[in-house]
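Observations on the model geometry
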Amino acid sequence: MIDTHTHLYDEAFIDDFDQAVERAVGAGVEHMIFPGIDSSVHERMMECAARVPDRISTAVGLHPTSVDGNWKRELDFVERCLAEQKWTAIGEIGLDRHWSDEYIREQEEVFRQQMLWASEASLPVIIHVREAHDTVFRILDSLAGSGISMKGVFHAFSGSIETYRRIKTYGDFKIGIGGVITYKNAGIAATVKDIPLEDILLETDSPWLTPVPYRGKRNESAYLLAVAEKTAAVKETDTETVDRITTSNAKKLFNLR
Ligand code: NI
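What this report covers is the structure whose coordinates are included nearby. (Residues numbered from 1 in each chain as written. Predicted model: local features only at pLDDT ≥ 70, side-chain atom pairs only at ≥ 80, totals over all residues. Heavy atoms only, no water.)

**A few points about the coordination of the nickel ion**
Around the nickel ion, the protein contributes the donor atoms His5 (NE2), His7 (NE2), Glu92 (OE) and Asp205 (OD), at 2.1 to 2.6 Å from the metal centre. Metal-centred angles of 87 to 174 degrees between the 4 donor atoms at the nickel ion mark the site as irregular. All donors to the nickel ion come from one chain, and their sequence spacing reads H-x1-H-x84-E-x112-D. One end of the pair, His5, is in the loop between strand S1 (2-3) and helix H1 (17-26); the other, Asp205, is in the loop between strand S8 (200-202) and helix H8 (224-234), and 200 residues separate them in sequence. We note that His5, like Asp205, is buried. (Donors = N, O, S within 2.8 Å, 3.2 Å for Na, K, Ca; no water. Tetrahedral: all angles 85-135°; square planar, octahedral: opposite > 155°, others 65-115°. Helix = DSSP H or I, 4+ residues; strand = E, 2+ residues; numbered from the N terminus. Buried < 20%, exposed > 50% of the residue type's maximum accessible area, 1.4 Å probe, protein only.)

Following this line, the structure appears as structure tokens:
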């Protein structure tokens, strides 16, 4: 399996990062993608990734909840990173109105700019949307109208089947499925029934969104197996099939070997 979205570099793993990687590999996770957030976590992310370079790929991007009065400087930082080396993706980027609306205009500008950079570099994007699908679609509509090419993943997907269908009109987009699919009252399981496995990527979003039966504990990439098993049950297939197809999806989208 590939954990396409994990923050194992988070300080939650400051004492046992190496062991968390070992546990993930032991659980069948062959590769992990680290999404960026902002400059404050960048160095730690790169140090962690360098410890197991064959198993970890990194993305760079400015997360919507990190957009504040410093946003211009932070966006410059992303631009510099993009100029310096090759990245697996630009992310995570997007819009989040859950915590605050204060910088929503700036969030929009930051998102749009990073979408343009991704298109220029032919990189996939890792999109985070919370309570802002309409605004994200308005921006994607305008980008599509200017002939901008797009591909990537809508991570921690929580939308309806109609939202999924709309996402597919913008380009080669996948749906990131994580621990929420194991929650009893989450509607996402019913939606996943109607999403083909060819459009699904597995993710943990560690250390957050811990799947059942580990809920209440810190999430880690080893728990990806619980997400794969639940996805298999929802799709009425076996875990091996979910593993094989979603791994192939991730390798293609992120250009992994
Ligand atoms: Ni994340």
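**Regarding the layout of surface pockets**
As a volume, the largest pocket reaches approximately 670 Å³. In terms of lining, the largest pocket is formed by 31 residues, of which the most central are His128, Arg130, Ala156, Asp205 and Leu209. Taken together, the elements giving at least two residues each to the lining of the largest pocket come down to strand S4 (89-96), strand S5 (125-130), strand S7 (172-177) and helix H7 (188-193). Among the elements that line the lining of the largest pocket, the one with the most residues is S5, at 3 residues. (1 Å grid on protein atoms, 1.4 Å probe; cavity = no way out; pocket = protein on both sides within 12 Å on 5 of 7 lines; lining within 4 Å. Points joined across faces, edges and corners; volume = space filled by probe spheres on them.)

**Regarding unusual backbone geometry**
Across the junction of Gly91 and Glu92, the peptide omega takes the value 5 degrees, indicating a cis bond. Although it is not a glycine, Asp205 adopts a positive phi angle of roughly 60 degrees. Since its relative accessible area comes to 9%, Asp205 is described here as buried. Positive phi values are uncommon outside glycine, yet Glu236 reaches one of about 50 degrees.

**Some words on the nonpolar core**
Here is a general trend for soluble globular proteins: nonpolar side chains tend to be buried in one another's company. If you look at the biggest cluster of nonpolar residues, it comprises 70 residues, and the most contacted ones within it are Phe17, Phe34, Met115, Leu140 and Phe154. Per-element accounting of this core gives the leading share, 6 residues, to helix H4 (residues 104-121). Non-local contacts of Phe17, meaning those with residues more than four positions away in its chain, are made with Leu8, Phe34, Arg44, Cys48, Arg51, Val52 and Ile56. One finds Ile33, Ile126, Leu201 and Leu256 within the second-largest nonpolar core, a separate group that totals 11 residues. (Core = buried A, V, L, I, M, F, W, Y, C linked by side-chain atoms within 4.5 Å. Contact = heavy atoms within 4.5 Å.)

**What about helix H5 (residues 133-145)?**
End to end, H5 covers 18 Å across 13 residues, agreeing with the expected 18 Å (1.5 Å per residue, within 8%). For H5, the complete set of buried residues consists of Thr135, Val136, Phe137, Ile139, Leu140 and Leu143. Remark: Gly147 follows H5 within two positions and exhibits a positive phi of approximately 75 degrees. (Expected span 1.5 Å × (residues − 1).)

**Some remarks on the sheet that holds S8**
Overall, parallel pairing links the 8 strands, which are arranged S1-S2-S3-S4-S5-S6-S7-S8 in an open sheet. The sheet terminates laterally at S1 and S8, the two strands that pair on one side only. Packing against the sheet, H8 makes contact with S1, S7 and S8, and its axis sits at approximately 150 degrees to S8. (Pairing = 2+ DSSP bridges. Axes fitted to C-alpha atoms, helices over the stretch in contact; angles between N-to-C directions.)

**Digging into the pairing of S4**
Extensive coverage of S4 is indicated by the burial of 8 of its 8 residues. Of the pairings in the sheet, the one linking strand S3 (residues 56-60) to S4 comprises 2 bridges and is parallel in character. Pairing of Ala59 across the sheet is with Ala89, part of S4. Relative to S5, S4 runs parallel, the two sharing 6 bridges. From the neighbouring strand, Gly91 faces S5, where its bridge partner is Ile126. For the crossover from S4 across H4 to S5, the handedness is right-handed. (Right-handed = clockwise from strand over helix to strand, strands pointing away.)

**Structural notes on the pattern of salt bridges**
Applying the stated criterion across every chain yields a total of 13 salt bridges. Residue Asp18 is joined to Arg51 by a salt bridge in which the shortest nitrogen-to-oxygen separation is 2.6 Å. Residue Asp18 is found in helix H1, and its partner Arg51 is found in helix H2 (residues 39-51); the two are separated by 33 residues along the sequence. Between Asp199 and Lys174 there is a salt bridge, with its nearest N and O atoms 3.5 Å apart. Residue Asp199 is found in the loop between H7 and S8, and its partner Lys174 is found in strand S7; the two are separated by 25 residues along the sequence. For Asp199, a relative accessible area of 8% translates into the label buried. Taken together, the shared-partner salt bridges in this structure form one network comprising Asp16, Arg23, Arg218 and Glu220. (Salt bridge = Lys/Arg side-chain N within 4 Å of Asp/Glu carboxyl O.)

**Here we look at empty space enclosed by the protein**
On inspection of all chains with the given rule, the structure shows 1 cavity of 30 Å³ or more. Of the voids in this model, the largest cavity is the one considered here, and its volume is about 40 Å³. Here the residues of the lining of the largest cavity are counted per class, giving 5 nonpolar, 3 polar and no charged. (Nonpolar A, V, L, I, M, F, W, Y, C, P; charged D, E, K, R; others polar.)

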